[in-house]
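Below, each chain spelled out in residue letters.
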Amino acid sequence: KYDAPIWPSVKEGHPVCSHSNGTVFDHTRTFPEARRTQQGVNFDISYVNFNQQQIDAFEFAASIWSSILASDVDIKINVTLINFPGFLGFAIPNGDINFPGTPMTDIIYPTSLANAIAGFDTKPMANDIEIYMSTIANWYFGLDANPAPNQTDFVTVAIHEIAHGLGFIETV
C-alpha cells in the first residue's frame, strides 16, 4: 500500500505524508508558509461533451476543493463525459518526480501537489488531472445534494473524482 503525499491545507498547519515503508514525513519543514500566499486554489477546467448545467455542477464541486486547498499555481483539469459502462467516473492524476524543491527524491507526486510545492507549473504543457464521467448514469445536476432515490448526485461524484486526481488514491 502506498499513501500519496498529502496536500498542504489552509485549515491545518502540519500536513504529513506517510509511506508504505512506515516512514512519516512532515512537509511543513520543506513547505514554508511563504509558499502558501493564496488561500484556496484556482482550477483551470476544460470540458468535453458538457452542457452548461453539467459545467455548473462540476465547477461547484471544484469550488469545494478550492476552499480547502492552498496553491498559487492553477490546477489544470480536463473532464470528459463519455459512454462508460460500469463506472460513474474515473480520474487519472498526472505525476512528477524530483522536481525543483521536491521534499523527498524518487517519490512520484501528483503534478498539482508538485506545482504547489515548487511554486510554479512543473509541466506547463500537460493537464494535472484527467477525469472521465459516465453519460450512462442517471445524474442529478442540482447543487443541493438532494437527488431522487433513482438518481446519482453528480457533484458528489465529481468531488470524489477530483480527490483521486489530486492524488488521494490507494494502491495495493
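Within any chain, residue numbers begin from 1 and follow the written order of that chain's sequence. pLDDT decides what is reported in this predicted model: residues at 70 or higher carry local features, side-chain atom pairs at 80 or more are listed and counted, and totals for whole chains, interfaces and linings draw on all residues regardless. Side-chain metrics in this entry use all non-hydrogen atoms of the structure; hydrogen atoms and water are not considered.

J.: Can you walk me through unusual backbone geometry in this structure?
T.: Keep in mind that most residues, glycine aside, have a negative phi and that most peptide bonds are trans. Notably, N49 is not glycine yet its phi reads approximately 70°, a positive angle. Counting through the fold element by element, N49 comes out in the loop between strand 4 (43-48) and helix 1 (52-66). A positive phi angle, near 55°, is found at N98, a position not held by glycine. Numbering of helices and strands runs from the N terminus, with a helix taken as a DSSP run of H or I at least four residues long and a strand as a DSSP run of E at least two residues long. Its place among the elements puts N98 in the loop between strand 7 (95-96) and strand 8 (109-110).

J.: Could you clarify how one ought to interpret the environment of A91 in this entry?
T.: Relative to the elements of secondary structure, A91 occurs in strand 6 (residues 89-93). Judged by relative accessible area, which is 13%, A91 ranks as buried. As for A91 and G165, which are separated by 74 residues in sequence, their C-alpha atoms are 5.4 Å apart. A91 has contacts with E130, I131, E161, H164 and G165, leaving out every residue within four places of it along the chain. For every residue, the accessible area obtained with a 1.4 Å probe (protein chains only) is divided by the maximum for its type, and the residue is called buried under 20%, exposed over 50%, and partly exposed between those limits. Throughout, a residue-residue contact means that at least one pair of heavy atoms, one from each residue, lies within 4.5 Å.

J.: Before we go on, may I ask you to explain the packing of aromatic side chains in this structure?
T.: Where two aromatic rings form a pair, the distance of their centres and the angle of their planes describe that pair. Centre distance within 6.5 Å is the pairing criterion for rings of Phe, Tyr and Trp, where only the six-membered ring of Trp is used; planes under 30 degrees apart are then read as stacked, over 60 as edge-to-face, and the remainder as tilted. Within this structure, the stated rule accounts for 10 aromatic pairs. Between Y47 and F50, the ring centres sit 5.0 Å apart and the planes meet at 55°, which makes this aromatic pair tilted. Judged by its relative accessible area of 14%, F50 falls in the buried class. Arranged with centres 6.3 Å apart and planes meeting at 70°, the rings of F50 and F154 form a pair that is edge-to-face. You can see F50 sitting in the loop between strand 4 and helix 1 and its partner F154 sitting in helix 3 (residues 154-165), a full 104 residues away along the chain. Judged by its relative accessible area of 0%, F154 is buried. An aromatic cluster of at least three residues, connected via ring pairs, comprises Y47, F50, F58, W139, F141 and F154.

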